[in-house]
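# Summary of structural features
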Amino acid sequence: MRLLIDVMCGGLVSYLRMCNHDTVYAGDRGLEADDDLLAAARAEHRAVVTRDVELASRADESILLESRDVEAQLATLDAAGLDLSLAAVPAFCGRCNGALEGVDREESTPEYAPDPGADETWCCRDCGQYFWRGSHWDRVAETLSGIRTRGGESTDES
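Here goes a summary of the coordinates provided. (Residues numbered from 1 in each chain as written. Predicted model: local features only at pLDDT ≥ 70, side-chain atom pairs only at ≥ 80, totals over all residues. Heavy atoms only, no water.)

Helices and strands together make up the secondary structure of the chain, namely 6 helices and 7 strands. The helix and strand sequence of the chain, counted from the amino end, reads β-α-β-α-α-β-α-β-α-β-β-β-α. The C-alpha radius of gyration of the chain comes to 16 Å, within 12% of the 15 Å expected for a compact globule of 158 residues. The C-alpha extent of the chain, read off along each of the three principal axes, is 50 × 35 × 20 Å. Buried positions account for 41% of the 158 residues belonging to the chain. For the chain, contacts bridging at least 24 residues in sequence account for 53% of all contacts bridging at least 6. Total accessible area on the chain is roughly 8,300 Å²; 44% of this is exposed by carbon and sulfur atoms. Of note, the chain has its 15 positive side-chain charges centred 1 Å away from the centre of its 31 negative side-chain charges. (Helix = DSSP H or I, 4+ residues; strand = E, 2+ residues; numbered from the N terminus. Rg over C-alpha atoms; globule rule 2.2 N^0.38 Å. Buried < 20%, exposed > 50% of the residue type's maximum accessible area, 1.4 Å probe, protein only. Contact = heavy atoms within 4.5 Å. Areas by Shrake-Rupley, 256 points an atom, 1.4 Å probe, with all protein chains shown as cover. Lys, Arg positive; Asp, Glu negative; His and termini not counted. Charge placed at Lys NZ, Arg CZ, Asp CG, Glu CD.)

Encoded structure:
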């Protein structure tokens, strides 16, 4: 699903990209005015994810979130039918939403990234960031698993 995340919901961006949703963050594009955000969503055929009732009502397609809590927001997205399964092969950069490509096992990587011969590694074609399934991946998997096992219910609607 193609999504445009309002600045109020930025904590969702990396989760959604890791689940292979083409996810644009309004803050990355300087889309603070509602009219600009809506124009971008329409031009790119994206659903708007927001906590702003008025903005959601003006969008062609939207998902309205009530909570400020990221896990509760994820539960709402799950209940709305969004697939929150981690991608077997990630397609979108967690930093910029660019396309990821696999790094060849013999290729060298920056110091911060693992040896692609030991760990499957991807690189963003746009920003050059490297990704692999490390501790962050495990934490996200645990969070998403907890949301799916609750069936989209959340206890914190603050």
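Our focus in this paragraph is the nonpolar core. Counting residues in hydrophobic clusters, the biggest one holds 23 residues, and the most contacted among them are I5, L12, L16, V49 and L77. Broken down by secondary-structure element, the contributors of at least two residues to this core are strand 1 (2–5), helix 1 (13–18), strand 3 (47–50), helix 5 (70–79) and helix 6 (135–149). Setting aside residues up to four positions removed in sequence, L12 forms contacts with V49, L65, V70, Q73, L74 and L77. Of all hydrophobic cores here, the second largest spans 11 residues; its members include A41, V48, L55 and A59. (Core = buried A, V, L, I, M, F, W, Y, C linked by side-chain atoms within 4.5 Å.)

Once that is clear, we can look at the sheet that holds strand 5 (residues 100–102). Pairing is antiparallel in the open sheet, where 3 strands are placed in the order 5-6-7. Bordering the open sheet on either side are strand 5 and strand 7 (130–132), each of which pairs with just one other strand. Strand-to-strand twist across the sheet, computed as the mean angle between neighbouring axes with direction ignored, equals 35°. Here strand 5 runs beside strand 6 (residues 121–124); their pairing, made up of 3 bridges, is antiparallel. Along strand 6, the bridge assignment pairs G102 with W122. (Pairing = 2+ DSSP bridges. Axes fitted to C-alpha atoms, helices over the stretch in contact; angles between N-to-C directions.)

Before going further, it helps to examine the sheet that holds strand 2 (residues 22–25). Backbone hydrogen bonds are what pair the strands of a sheet, in a parallel or an antiparallel way. Spatially, 2-1-3-4 is the arrangement adopted by the 4 strands of the open sheet, whose pairing is parallel. Here the strands that pair on one side only, and so sit at the sheet edges, are strand 2 and strand 4 (62–64). Pairs of neighbouring strands in the sheet enclose a mean axial angle of 25°, with direction left out of account. Inspection of the sheet shows strand 1 paired to strand 2 by 4 bridges, in the parallel sense. Following the sheet pairing, L3 is matched in strand 2 by T23.

What follows is about the environment of L144. Relative to the helices and strands, L144 is located in helix 6. According to the relative accessible area criterion, L144 is buried, its value standing at 1%. Taking the C-alpha atoms as reference points, L144 and R133, 11 residues apart in sequence, are found 15 Å from one another. Setting aside anything within four residues of it in sequence, one finds L144 in contact with Y15, C19, L74, L84 and L86.

Moving on, we get to the packing of aromatic side chains. Tallied over the full model, the rule gives 2 aromatic pairs. Ring plane angle 70° and centroid distance 6.4 Å describe the contact between Y112 and Y130, whose orientation is recorded as edge-to-face. With Y112 in the loop between strand 5 and strand 6 and Y130 in strand 7, this residue pair connects regions lying 18 residues apart in the sequence. Exposure remark for Y112: the relative accessible area of 42% places this residue in the partly exposed category. (Phe/Tyr/Trp six-rings, centres within 6.5 Å; stacked < 30°, edge-to-face > 60°.)

Among all residues except glycine, the phi angle is most often negative; among peptide bonds, the trans geometry is most common. If you check the backbone angles, H45 has positive phi at about 55° while not being a glycine. Here H45 is to be found in the loop between helix 3 (34–43) and strand 3. Looking at H45, the relative accessible area reads 66%, which means it is exposed. In the Ramachandran plot, N97 falls in the positive-phi region, its phi being about 75° despite a non-glycine side chain. Along the chain, N97 falls in the loop between helix 5 and strand 5.

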